[in-house]
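# Observations on the three-dimensional arrangement
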Amino acid sequence: MQAQPGSKTRAAALSGIVTALLGVGEPAVFGVGLAHRRQFAGSMLAAAIGGLIVGAFQTKVTAFIIPSVVTIPAYIGQPGYLGILIGAPVTFLLSLAFNSLAIQRVSHVRA
């Protein structure tokens, strides 16, 4: 289920990853996510769990920012900043795990 080097799916996924880490998720969602529903559902579940962690810490920020990897330092020193420092890596790792399981499941079904 891995995209072949040089394929359009791989190019869309790589550009989607870069833009998503910088705070613009639409290329990843519409370019790759909707075509792979199981992986998209795994990512949404991981994001919900990460959001619960961030919400449980009552993370707040006093500046208007677009959430991304680059803006994480804006949370430091704010109320509940540990929530983002814990929630973001947990979301990333859960998404990786859920999507790995979904890919293995699809590859066994198609074989």
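Residues numbered from 1 in each chain as written. Predicted model: local features only at pLDDT ≥ 70, side-chain atom pairs only at ≥ 80, totals over all residues. Heavy atoms only, no water.

### So, the overall build of the chain
Secondary structure assignment for the chain yields 4 helices and 0 strands. Counting helices and strands in the order they occur from the N terminus, the chain gives α-α-α-α. Of all 111 residues assigned to the chain, the portion counted as buried reaches 18%. Summarising the internal contacts of the chain: among those between residues at least 6 apart in sequence, 57% fall at separations of at least 24. Working note: accessible area of the chain is about 7,700 Å², and carbon and sulfur atoms make up 70% of it. (Helix = DSSP H or I, 4+ residues; strand = E, 2+ residues; numbered from the N terminus. Buried < 20%, exposed > 50% of the residue type's maximum accessible area, 1.4 Å probe, protein only. Contact = heavy atoms within 4.5 Å. Areas by Shrake-Rupley, 256 points an atom, 1.4 Å probe, with all protein chains shown as cover.)

### A look at helix H3 (residues 37-56)
Its 20 residues place the ends of H3 28 Å apart at the C-alpha level, agreeing with the 28 Å of an ideal helix rising 1.5 Å per residue. When we look at burial in H3, the residues that qualify are Gln 39, Gly 42, Ala 46, Gly 50 and Ile 53. The buried residues of H3 occupy one face: seen down the axis, they fall within an arc of 70°. For H3, the exposed residues set more than 90 degrees away from the buried face come down to Arg 37, Leu 52 and Ala 56. Phi turns positive one or two residues past the end of H3, at Gln 58, with a value near 50°. (Expected span 1.5 Å × (residues − 1). Arc of directions from axis to C-beta.)

### Some details on the side chain of Asn 99
Position of Asn 99 among the secondary structure elements: in helix H4 (residues 81-110). Residue classification places Asn 99 among the buried residues on the basis of a relative accessible area of 14%. At 2.9 Å, the side chain of Asn 99 forms a polar contact with the backbone oxygen of Ser 95. In this view, Asn 99 contacts Arg 38, Gln 39, Gly 42 and Ser 43; residues no more than four positions away in its chain are not counted. (Polar contact = N/O pair within 3.5 Å; in protein donor to acceptor, adjacent residues only side chain to side chain.)

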